[in-house]
Amino acid sequence: QVQLVESGGGLVQAGGSLRLSCAASGRTFSIFRMGWFRQAPGKGREFVAEINWSGGITSYADSVKGRFTILRENAKNTVALQMNSLKPEDTAVYYCARDSRGGGYDNWGQGTQVTVSS
């Protein structure tokens with residue numbers, strides 16, 4: 001019913017910036033919080049950032065704190081991830097996810113590749 005589509009991935013040099021966007025679409029849906037996760041080759045999926053859709057409270061992984069910002073975009077039901085001061089270790093497929101009622105993330109996008117060269 002609900003589809004999440006990420007965009008904005010690409011190749012960037014270390015120290016550069018990239019902005020990811022995730023749009024949710026569907027006939028009816030609710031959002032308690034939206035999050036960003038990433039998965040590097042051979043690694044498990046890890047938490048990056050999340051935002052409470054109602055209150056706007058955000059949370060970040062220690063590895064990206066101070067460099068990444070999660071935010072709601074002007075477009076309805078769209079979340080962005082602004083990534084600054086990118087490092088090669090940020091290279092991964094980035095996924096957006098939806099928690100509809102606060103019970104956990106159970107709706108995932110297809111992912112977008114972010115590659116940071118050294």
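Our structure is the block above this text.
Residues numbered from 1 in each chain as written. Predicted model: local features only at pLDDT ≥ 70, side-chain atom pairs only at ≥ 80, totals over all residues. Heavy atoms only, no water.

Caption draft 1: Representation of the overall build of the chain in the model. Broken down by element type, the chain carries zero helices and eleven strands. In sequence order, the chain lays out its α and β elements as β-β-β-β-β-β-β-β-β-β-β. Here the C-alpha atoms of the chain give a radius of gyration of 13 Å, agreeing with the 13 Å that 2.2 N^0.38 yields for 118 residues. Along the first, second and third principal axes, the C-alpha atoms of the chain reach 45 × 25 × 25 Å. Within the chain, the proportion of its 118 residues that are buried is 43%. The averaged location of the 9 negative side-chain charges in the chain is 5 Å from the averaged location of its 13 positive side-chain charges. (Helix = DSSP H or I, 4+ residues; strand = E, 2+ residues; numbered from the N terminus. Rg over C-alpha atoms; globule rule 2.2 N^0.38 Å. Buried < 20%, exposed > 50% of the residue type's maximum accessible area, 1.4 Å probe, protein only. Lys, Arg positive; Asp, Glu negative; His and termini not counted. Charge placed at Lys NZ, Arg CZ, Asp CG, Glu CD.)

Caption draft 2: Representation of the pattern of salt bridges within the structure. Taken as a whole and assessed by the stated rule, the structure comprises seven salt bridges. A salt bridge links Glu-73 to Arg-19; the shortest N-O distance between them is 3.4 Å. Within this pair, whereas Glu-73 is found in the loop between strand 7 (68–72) and strand 8 (78–83), its partner Arg-19 is found in strand 3 (residues 18–25), the two being separated by 54 residues in sequence. The partner of Arg-33 in a salt bridge is Asp-99, and the shortest N-O contact between them spans 2.8 Å. Remark: Asp-99 occurs in strand 9 (residues 92–99) and Arg-33 occurs in strand 4 (residues 33–39); sequence separation between them is 66 residues. Taken together, the salt bridges that share partners define one network made up of Arg-38, Glu-46, Arg-67 and Asp-90. (Salt bridge = Lys/Arg side-chain N within 4 Å of Asp/Glu carboxyl O.)

Caption draft 3: Looking closely at the side chain of Ser-100. Looking at the secondary structure, you find Ser-100 in the loop between strand 9 and strand 10 (107–108). Of the residues examined, Ser-100 reaches a relative accessible area of 8% and is grouped as buried. Side chain to side chain, Ser-100 and Arg-101 meet in a polar contact 2.8 Å long. (Polar contact = N/O pair within 3.5 Å; in protein donor to acceptor, adjacent residues only side chain to side chain.)

Caption draft 4: View of the nonpolar core. Among the nonpolar cores identified, the biggest contains 28 residues, and Trp-36, Leu-81, Met-83 and Tyr-94 are the most heavily contacted of them. Put simply, the parts of the chain that give this core at least two residues each are strand 3, strand 4, strand 5 (46–52), strand 7, strand 8, strand 9 and strand 11 (112–117). Top element by residues in this core is strand 3. It accounts for four residues. Non-local contacts of Leu-81, meaning those with residues more than four positions away in its chain, are made with Leu-18, Arg-19, Leu-20, Trp-36, Val-48, Ala-49, Phe-68, Thr-69, Ile-70 and Tyr-94. (Core = buried A, V, L, I, M, F, W, Y, C linked by side-chain atoms within 4.5 Å. Contact = heavy atoms within 4.5 Å.)

Caption draft 5: View of the state of the cysteines. With the rule as written, the count across this model stands at one disulfide. Through a disulfide, Cys-22 is tied to Cys-96; the S-S separation comes to 1.9 Å. Residues Cys-22 and Cys-96 are joined by a disulfide whose S-S torsion is about 50°; by sign, that bridge is right-handed. With Cys-22 in strand 3 and Cys-96 in strand 9, the pair connects residues that are 74 residues apart, well separated along the chain. Pair check on accessibility: Cys-22 and Cys-96 agree, each one buried. (Disulfide = S-S within 2.5 Å.)

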